[in-house]
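# Analysis of the macromolecular model
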Amino acid sequence: MTGGAGFIGSHTVVSLIEAGFEPIIVDDFSNSQRTALDGLRTILGREITCHTVNCTDAAAMHEIFANERLSGVIHFAAFKAVGESVAKPLKYYRNNLDSLVLLLELMPQYGVKNLVFSSSCTVYGQPKQLPVTEATPRQPAESPYGNTKAISEDIIRDAVRSELPVRALALRYFNPIGAHPSAQIGELPLGVPANLVPFITQTAAGIRPSLMVYGGDYDTPDGTCIRDYIHVMDLAEAHVQALRKLAESRETSSYDVINIGTGRGETVLSLIKTFEQETGVPLNYTIGPRRPGDIEKVYADVTKATQTLGWTARRSLAESLQDAWRWQEKLNHKVLEL
Ligand code: WQD
């Protein structure tokens with residue numbers, strides 16, 4: 001699994017081991033921390049094979065495919081900061097697309113058939129209809145980051161259409177939040193968090209003076225944006241189900257996309273209130289202007305995930321926020337500066 005030391009990757013390692021898989025991490029730690037490996041060692045009580053490799057490095061990736069007996073690939077590795085992608089688009093196109101094309105070239109050479117790709121609900125933009133299904137047309141991306149996800153889906157689709165012997169599932173993540181209940185691994189944003197939940201927990205921990213709620217005048221019950229926040233462990237378990245689905249497939253080449261969310265929409269203010277109720281920690285926040293590029297509301301129709309993968313999200317928003325807070329407390333004011 002590329003990017004296996006990252007936020008979603010590291011949690012997926014835990015679920016894979018629990019499901020009897022033997023994951024191998026490929027990560028260059030350009031956007032993740034080696035401390036994730038320490039956390040995994042504590043949770044699992046064993047080492048996980050990790051190759052410190054940039055997954056656009058063809059020679060190094062050939063080596064891994066040649067020396068490891070791989071039954072499938074989960075491709076997490078990608079740069080994912082929406083704002084940075086606007087400032088440095090070529091860095092995003094180079095990294096996010098080259099790594100995928102290289103994997104698609106290598107897999108058939110080594111008889112590796114199954115690919116799970118980390119996509120994003122960002123490809124939907126602002127859907128006209130909610131909840132959003134996989135048949136909802138994609139909208140032009142709002143950022144180069146989002147565009148790399150849409151282009152990646154098309155690269156896989158076209159490669160499979162050319163009968164590349166790969167069976168692929170693109171999982172369109174909604175908003176991953178929370179942490180493993182042990183608080184040994186979790187989200188570790190670089191610098192000032194762009195995402196809501198790490199900003200909430202850093203504000204509650206006193207690292208940030210207050211949270212700015214971006215916009216209170218949207219067409220929603222309380223005027224703040226709606227998103228589908230999914231516990232990262234539910235997301236991790238969806239990857240296990242996706243790999244199992246591909247492993248039992250009889251097809252030579254196949255491609256499909258699946259929404260991975262809870263199916264529930266929550267406003268920013270409802271997250272703040274739930275956080276305060278669950279942790280007893282009052283949150284200092286103000287409602288300010290909208291953030292450019294934000295969409296108003298999106299949440300998933302998860303029928304296909306249930307029918308195709310036999311998977312549904314099990315954890316509540318309250319549990320996600322409790323786990324996020326426990327992780328923040330464990331970090332004990334540790335912040336990664338850019
Ligand atoms: C959620 C809501 C903000 C911070 C992005 C990417 C997506 C994925 C997840 C990578 C929005 C509001 C946020 C803050 C706020 N990234 N907010 N104050 O924008 O839905 O999705 O991150 O895979 O692809 O697009 O997530 O957490 O940034 O924002 O009010 O300090 O919280 O306006 O409504 P988003 P987010």
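Let us look at the structure shown here. Position numbers for residues count from 1 along each chain, tracking the sequence in the order it is written. Owing to the predicted nature of the model, reporting of local features is limited to residues with pLDDT of at least 70; listing and counting of side-chain atom pairs is limited to 80 or more, with chain, interface and lining totals taken over all residues. Think of the side-chain values as coming from all heavy atoms in the structure, minus any hydrogens and water.

## Looking at the sheet that holds strand S5 (residues 167-173)
Test applied: Here the rule is simple: two strands pair whenever DSSP picks up at least two bridges between them. Only runs of H or I of at least four residues qualify as helices and only runs of E of at least two qualify as strands under DSSP, and these elements are numbered from the N terminus. For helices, the fitted axis covers only the stretch in contact; all axes are lines through C-alpha atoms, and the angles between them, taken along N-to-C directions, range from 0 to 180 degrees. By the convention used here, residues are in contact when the closest approach between their heavy atoms is within 4.5 Å.
Read from one edge of the open sheet, four strands run S3-S4-S5-S10, paired in parallel fashion. Across the chains shown, the open sheet's two edge strands, defined by having one partner strand only, are strand S3 (72-75) and strand S10 (254-260). Adjacent strand axes in the sheet meet at a mean angle of 20°, parallel and antiparallel pairs treated alike. Bridging between S5 and S10 involves seven bridges; their strand directions are parallel. Note that in S10 the partner of Arg-172 across the bridge is Asn-259. Together, S3, strand S4 (114-120), S5 and S10 form the strand contacts of helix H8 (residues 232-247), whose direction differs from that of S5 by roughly 160°.

## Re unusual backbone geometry
Heads up, the condition is: Classification of residues uses two cut-offs on accessible area relative to the type maximum, computed with a 1.4 Å probe and protein chains only: under 20% is buried, over 50% is exposed, and between them is partly exposed.
In this structure, Pro-131 follows Leu-130 across a cis peptide bond, with omega equal to -5°. With respect to the secondary-structure elements, Pro-131 resides in the loop between S4 and helix H6 (144-161). One non-glycine residue, Phe-29, adopts positive backbone phi at about 60°. Here Phe-29 is to be found in the loop between strand S1 (25-26) and helix H2 (35-44). We classify Phe-29 as buried; its relative accessible area is 13%. Despite not being glycine, Glu-163 has its phi angle at roughly 65°, a positive value. You can see Glu-163 is positioned in the loop between H6 and S5.

## Digging into the pattern of salt bridges
For the record, the criterion: By convention in these notes, a salt bridge is any Lys or Arg side-chain nitrogen within 4 Å of a carboxyl oxygen on Asp or Glu.
Summed over all chains, the structure comprises 22 salt bridges. Here Asp-234 makes a salt bridge to Arg-315, at a shortest N to O gap of 2.7 Å. Here the residue Asp-234 occupies a position in helix H8, and Arg-315 occupies one in the loop between helix H10 (303-309) and helix H11 (317-331), the gap between them amounting to 81 residues. Taking the relative accessible area as the measure of exposure, Asp-234 reaches 0% and is therefore buried. Residue Asp-294 is joined to Arg-291 by a salt bridge in which the shortest nitrogen-to-oxygen separation is 3.0 Å. One salt-bridge network, held together by shared partners, links Arg-138, Glu-153, Asp-154, Arg-157, Asp-158, Arg-161 and Arg-172.

## Comments concerning the packing of helix H7 (residues 196-204) against helix H9 (residues 268-279)
For the record, the criterion: Roughly parallel means an angle under 35 degrees; roughly antiparallel, over 145; roughly perpendicular, 65 to 115; everything else is oblique. Handedness of a crossing follows from how the near helix is turned relative to the far one, being left-handed for an anticlockwise turn of less than a right angle and right-handed for a clockwise one.
Across the interface, H7 lies against H9 with an axial gap of 11 Å and an inter-helix angle of 40°. Viewed along their axes, H7 and H9 adopt a mutual orientation that is oblique. Regarding H7 and H9, the two cross each other, and that crossing is right-handed. Contacts between H7 and H9 involve Leu-196, Val-197, Ile-200, Thr-201 and Ala-204 from the former and Val-268, Leu-271, Ile-272 and Phe-275 from the latter.

## Some remarks on the site of the ligand
Rules: When we say a residue is near a molecule or strand, we mean one of its heavy atoms is within 4 Å of it. Counted as a polar contact is a pair of N or O atoms within 3.5 Å, where, for protein atoms, one must be capable of donating a hydrogen and the other of accepting one, and residues adjacent in sequence contribute only when both atoms are in side chains.
In the vicinity of the ligand lie 19 residues, with Tyr-145, Leu-196, Met-212, Arg-227 and Asp-294 positioned nearest. Ser-120 is positioned such that a nitrogen or oxygen atom in its side chain is 3.2 Å from an oxygen atom of the ligand. A distance of 2.5 Å separates an oxygen atom of the ligand from a polar side-chain atom of Asp-294. Within the residue set of the shell around the ligand, elements represented by two or more residues are H7 and strand S7 (211-214).

## Examining the pairing of S7
Note on strand geometry: in a regular strand, side chains alternate between the two faces of the sheet. Residues Leu-211 and Val-213 point to one face of S7 and are all buried, whereas Met-212 and Tyr-214, pointing to the other face, are not buried. Two elements, S7 and strand S12 (residues 285-288), share four bridges in a ladder whose sense is parallel. Paired with Tyr-214 across the bridge in S12 is Gly-288.

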